[in-house]
Amino acid sequence: METVSPAALAATAAAKSIREGLLTSEELVSACLERIRASEPTVQAWTFLDEEHALAQARAADESRRSGEPVGALNGIPVGIKDIIDTADMPTENGTVLHKGRTPRRDAAVVASLRAAGAVIMGKTVTTECAYFTPGKTRNPHNPEHTPGGSSSGSAAAVAAHMVPLALGSQTAGSVIRPAAFCGVHAFKPSHGLIPRTGVLQLSRTLDHVGLFARGIDDLALLAEQLTGYDAGDPDTHPRARVPFQAVATEEPPIEPMFAFIKTPHWERVDADAKEAYGELVEALGDRVEEVELFPSAAAAWDWQRTIMEAEMAANLEPLYLAGKEKLSERLRGLMERGRETRAIDYQRVLRSLPAVAESFDELFTERYDAILTAPALGTAPKGLGATGDPVFCVLWTLLGMPAVTLPLMQGANGMPLGVQLVGRRNFDARLLRTARWLESKAA
């Protein structure tokens, strides 16, 4: 019988095996490095990887466990880190030549939390330029002629290719949910302000989220539980009790969930095979799903998101623009120049419009539904490497700071992964994972 490589283990299974002494972190990390050596020439998920440094962290994790010291929930588990998230012991270059060789003095808050939980920081995964649209070198593990999505390209691809069981990314429009759908992995974008962004390249305070990639809901819950919390460096986080993600996500819902199927005004752009697949899923759910029209008040959300993103990115990335705008891609430079022309009155008007729309969705959840069911993208990963796909089906939920999860439940006509997006009520993140777990078991 063929032996399964430790690199194929989900994070929860690997963590259990390490705790019970059935597997060492060094064995797990070595298996992941072997997988990287085999797949990286094709997938190209990494922008920085030091094998010896990764193995040294693994050996230290094993020594901590053997010595009887208290160890964290991720002790010995390798994690990939998107290259806009600061690491004090590795470069963080933000996908731009203007930051080539940049090595931060301290870890981002999420990296510090991972280290406290015993994780092995495997290396830095490829991001698009400044986490915007210009692609990096990464290819889709399912077909290298197709995009992996973006901007968290390397993180999604690394998890999909079994290079690491877990990875971190970020989302300002659709940069976690979309690449996860394209690469056929699970991903979670939490409520705005739940996971601190201190030490992460800031594009937009209003829109930026840290996101998680994994091979299952249990793994997302395990990782999320280590990362949520208050950090003084992020003004949108607040002191709060730790969210019991694992306990809530793994329990059975008290009643079967109800889903609101929201197509949004962009449904006509969805690929025909994707429309057919979502139709079959809705039919299979029967009376547990109802089609719901998007509120008229939300119709302008896509324009609002563009106004906020352009204005805030232009302000936050201004040092790069002034230092070397000719070194930036034409697309990023164009966004920043539009943002520099945004009128303050238009920007403030948009910000004032958001709370009323968010309250409308709160009412929708309170009255009837456990989650919104929608597409994460227009279809499967597009062929070609010159673009990363359209985030249009993620924009609204990111704008409103609502939690979202991608489930790799289906395939397109071309055999590529076709994801399903679930969106939950803001700050009910663990319940969204519980609902996602129910849907996944129902669709199996």
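Residues numbered from 1 in each chain as written. Predicted model: local features only at pLDDT ≥ 70, side-chain atom pairs only at ≥ 80, totals over all residues. Heavy atoms only, no water.

A. Spotlight on the packing of helix H2 (residues 25-43) against helix H3 (residues 51-66). Put simply, H2 and H3 touch, their axes get as near as 8 Å, and they point 160° apart. Considering their axes alone, H2 and H3 lie roughly antiparallel with respect to each other. For the pair H2 and H3, the crossing hand works out as right-handed. Listed contacts from H3 to Ser-25, Glu-26, Val-29, Ser-30, Leu-33 and Arg-37 of H2 are Glu-51, Ala-54, Leu-55, Ala-58, Arg-59, Ala-61 and Asp-62. Of the residues that constitute the contact of H2 with H3, the class distribution is six nonpolar, two polar and five charged. (Axes fitted to C-alpha atoms, helices over the stretch in contact; angles between N-to-C directions. Helix = DSSP H or I, 4+ residues; strand = E, 2+ residues; numbered from the N terminus. Parallel < 35°, antiparallel > 145°, perpendicular 65-115°, else oblique. Left-handed = near helix turned anticlockwise from the far one by under 90°. Contact = heavy atoms within 4.5 Å. Nonpolar A, V, L, I, M, F, W, Y, C, P; charged D, E, K, R; others polar.)

B. How the structure looks around the pairing of strand S11 (residues 417-423). With seven of its seven residues buried, S11 lies for the most part within the structure. With three bridges connecting them, strand S9 (residues 371-374) and S11 associate as antiparallel partners. Opposite Thr-374, over in S11, you have Gln-421 as the bridge partner. Where strand S10 (residues 404-411) meets S11, six bridges bridge the pair, whose relative direction is antiparallel. (Buried < 20%, exposed > 50% of the residue type's maximum accessible area, 1.4 Å probe, protein only. Pairing = 2+ DSSP bridges.)

C. Layout of H3. Taking 1.5 Å as the rise per residue, H3 with 16 residues should run 22 Å; its terminal C-alpha atoms sit 23 Å apart, in good agreement. Looking only at H3, the buried set comprises Ala-54, Leu-55, Gln-57, Ala-58, Ala-61 and Asp-62. Each buried residue of H3 sits inside an arc of 155° when the element is viewed along its axis, so together they form one side. Residues Glu-52 and Arg-66 are exposed on H3 and point more than 90 degrees away from its buried face. Among the structural elements, H2, helix H4 (109-116) and strand S3 (120-125) are those in contact with the buried residues of H3. Capping the start of H3 is the job of one residue whose side-chain oxygen sits 3.1 Å from the backbone nitrogen of Glu-52: Asp-50. Where H3 ends, the next residue or the one after it, Gly-68, has phi of about 85°, a positive value. (Expected span 1.5 Å × (residues − 1). Arc of directions from axis to C-beta. Polar contact = N/O pair within 3.5 Å; in protein donor to acceptor, adjacent residues only side chain to side chain.)

D. Up close: the state of the cysteines. What the rule picks out here adds up to zero disulfides. For Cys-394, which is in no disulfide, the shortest distance to another cysteine sulfur is to Cys-183 and amounts to 14 Å. (Disulfide = S-S within 2.5 Å.)

E. Highlighting empty space enclosed by the protein. For the structure on display, the rule yields three cavities of 30 Å³ or more. The space that makes up the largest cavity amounts to roughly 90 Å³. Surrounding the largest cavity, 14 residues form its lining, Ala-131, Tyr-132, Phe-133, Ala-173 and Ser-175 being those nearest its centre. Of the residues assigned to the lining of the largest cavity, the class counts are eight nonpolar, five polar and one charged. The volume enclosed by the second largest cavity comes to roughly 40 Å³. As for the second largest cavity, its lining consists of Pro-190, Ser-191, His-192, Gly-193, Leu-194, Ile-195, Arg-197, Asp-208, His-209, Val-210 and Asp-234. For the lining of the second largest cavity, the residue count by class is four nonpolar, four polar and three charged. (1 Å grid on protein atoms, 1.4 Å probe; cavity = no way out; pocket = protein on both sides within 12 Å on 5 of 7 lines; lining within 4 Å. Points joined across faces, edges and corners; volume = space filled by probe spheres on them.)

F. Representation of the packing of aromatic side chains. Applying the stated rule across the entire model yields eight aromatic pairs. Here Phe-261 and Trp-267 contribute two aromatic rings whose centre-to-centre distance is 5.6 Å and whose plane-to-plane angle is 90°, an arrangement assigned as edge-to-face. Under the relative-accessibility criterion, Phe-261 is labelled buried at 6%. Taken together, the ring pairs in this structure connect Phe-261, Trp-267, Tyr-278 and Phe-393 into an aromatic cluster. (Phe/Tyr/Trp six-rings, centres within 6.5 Å; stacked < 30°, edge-to-face > 60°.)

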